[in-house]
Amino acid sequence: MRRLRSVKIVATLGPASDSYDMIRALHEAGADVFRLNMSHGSHEEIAEKHAIIRQVEQDLNSTIGILADLQGPKLRVGVFAGDSEMLDEGAKFRLDLDKAEGDSARVCLPHPEIFAALEPGASLLVNDGKIRLRVEACGKDFADCTVVIGGVISNRKGVNVPDVELPLAALSEKDKADLECVCGLGVDWLALSFVQRPADVEEARALVQGRAAILSKIEKPNAVDRFDDILAVSDGIMVARGDLGVELPVQNVPPIQKRLVRKCRAAAKPVIVATQMLESMIESPMPTRAEVSDVATAIYEGADAVMLSAESAAGGYPIEAVRTMDNVAQEVEADSTYRQIIEASRTANRTTVADGIVAAAREIAETTDIKAICCFTQSGTTALLTARERPRVPIVAMTPLIGTARRLALSWGINCVQTSMMDRFKGAVVSAAKAARDQGYADESDQILVTAGVPFNVTGTTNILRVAPCDERLIFNTDPE
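Novice: I'd like to hear about the overall build of the chain, residue by residue, with values.
Specialist: Counting its secondary structure elements, the chain contains 18 helices and 21 strands. Whereas a compact globule of 481 residues would reach a radius of gyration of roughly 23 Å, the chain reaches 24 Å, a difference of no more than 12%. Projected onto its principal axes, the C-alpha positions of the chain cover 85 × 45 × 45 Å. In the chain, which comprises 481 residues, the share counted as buried stands at 56%. Of the contacts made within the chain by residues no fewer than 6 positions apart, 67% connect residues no fewer than 24 positions apart. Counting every atom, the chain has about 19400 Å² of accessible surface; 50% of that belongs to carbon and sulfur. Counting 53 positive and 68 negative side-chain charges, the chain places the averaged centre of each group 4 Å from the other.

Shown next, in the form of structure tokens:
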């Protein structure tokens, strides 16, 4: 399904969007990738959603990516005798391992690893940072705190520890079970929550064994500090601004977002900007002006994708939310300022033959009347390198592998066409010309660019760039075998 924009839209599925009709309508409205949130739903429910997505894909003959988002290590307080308590600013409050019900003076925090890592002066944030505690004294089974910012604390509220690196396993037992479930189903992307270090990604990769691409969620300060190393071992990145904005001062998040997006672009790895993008559309059919500006900013920065969470999963207006993102994207990308920003922020990173080929393709496309860049790719790398250039013309990724096509559904500007295995360059050019015509990018009087690698069907061999006519008769008359 051809989109009239380059940025992609990720929509989270949930109670408001778990039927065939709704999932199909969301894709038709603009959702390119569907996110399965492993924090909610049984394996049976996840498998049902996965099957519906694949049925929609088949019925519409349109490639759809699926992203499974692992819950990660969730830290929560225990329960209170009265379900909740009011903590006043300046009051003393203890966290400990005692499983007894809590009161206004204490509550259980069933995570001994937190106490092992805490030091006096550290901050603890409860309920998305609405309550802030300062550690005054601590031991292996307790932390005596002062309430810095008070409020109501209730059962099982989440806890963030921004000041220390926690010795937590990257994947909980639940995460490992969920990983096996979704990899067995055949998801395309696996998102890792609360990544702290490159080793977290490497542990997951060893378990995934190539069955899915790995996307690291950046939502902790130490992940920001180690971002270059985490990016190097990840296939993609999500700037998860929710927890990042809890653990860091909120004013730090926008510049971090810009830096991370640019680094991902330079590395030719897809990056999603996520969290609260159209939050008011959970309850309203219209977004706020600030939310529209937030979505537009991510698109101006060159993000590969923008994401809807509760807006599409549990909100009252999921289709409207997707349409809003689609409309904002089309308007932004039609703005001349958009091209100026994108091209001014392009990073020259050319160290291989493939880098040179895709850079040349972009330059030729922008100086002559070329309608599309058609790249043949096995692993998806050539398509990603082409997308890094952010060309002004559409990118058509030609691949015989449906898994590669689905993973590329997350990446900027890439339109995937599944093709048969090629063994001759002339056949590849003919196939590219036909795809460009069939997808509506060109007609017989137009020209396209074709990039490929010889020998065919070998990863990492991109070494040919051809300006080709879309008239197959001209190809057969002029092209070598």
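Novice: A description of unusual backbone geometry should follow, citing residues and the corresponding values.
Specialist: The phi dihedral of D83 is positive, around 75°, even though this residue is not glycine. For D83, the position within the fold is in the loop between β3 (65–69) and β4 (84–87). Even without being glycine, R390 reaches a positive phi, approximately 50°. Position of R390 among the secondary structure elements: in the loop between α15 (381–388) and β18 (395–399).

Novice: Account for the packing of helix α9 (residues 253–267) against helix α10 (residues 289–301), with residues named and values stated.
Specialist: Two elements in contact, α9 and α10, have axes separated by 10 Å at closest approach and are oriented at 35°. For the element pair α9 and α10, the recorded crossing hand is right-handed. In contact with Q257, K258, V261 and R265 of α9, α10 contributes T297, A298 and E301. Looking at the contact of α9 with α10 residue by residue, the classes come out as two nonpolar, two polar and three charged.

Novice: Explain the pairing of strand β13 (residues 213–218) to me, and be specific about the residues and the numbers.
Specialist: Where burial is concerned, most of β13 is hidden: six out of the six residues are buried. What you see with β13 is no split at all: A213, L215 and K217 on one side and I214, S216 and I218 on the other are buried throughout. Taken together, the four bridges between strand β12 (residues 189–192) and β13 define a ladder with parallel strand orientation. Within β13, the residue paired with A191 across the bridge is L215. Handedness of the crossover is the feature at issue here: the chain leaves β12, passes through helix α5 (residues 198–208), returns alongside β13, and the resulting connection is right-handed. Here β13 runs beside strand β14 (residues 236–240); their pairing, made up of four bridges, is parallel. In the strand pairing of β14, I218 is matched with V239.

About the criteria used
- Residues numbered from 1 in each chain as written.
- Predicted model: local features only at pLDDT ≥ 70, side-chain atom pairs only at ≥ 80, totals over all residues.
- Heavy atoms only, no water.
- Helix = DSSP H or I, 4+ residues; strand = E, 2+ residues; numbered from the N terminus.
- Rg over C-alpha atoms; globule rule 2.2 N^0.38 Å.
- Buried < 20%, exposed > 50% of the residue type's maximum accessible area, 1.4 Å probe, protein only.
- Contact = heavy atoms within 4.5 Å.
- Areas by Shrake-Rupley, 256 points an atom, 1.4 Å probe, with all protein chains shown as cover.
- Lys, Arg positive; Asp, Glu negative; His and termini not counted.
- Charge placed at Lys NZ, Arg CZ, Asp CG, Glu CD.
- Axes fitted to C-alpha atoms, helices over the stretch in contact; angles between N-to-C directions.
- Left-handed = near helix turned anticlockwise from the far one by under 90°.
- Nonpolar A, V, L, I, M, F, W, Y, C, P; charged D, E, K, R; others polar.
- Pairing = 2+ DSSP bridges.
- Right-handed = clockwise from strand over helix to strand, strands pointing away.

Fair warning: the whole summary comes from geometry, so function is off the table for now.
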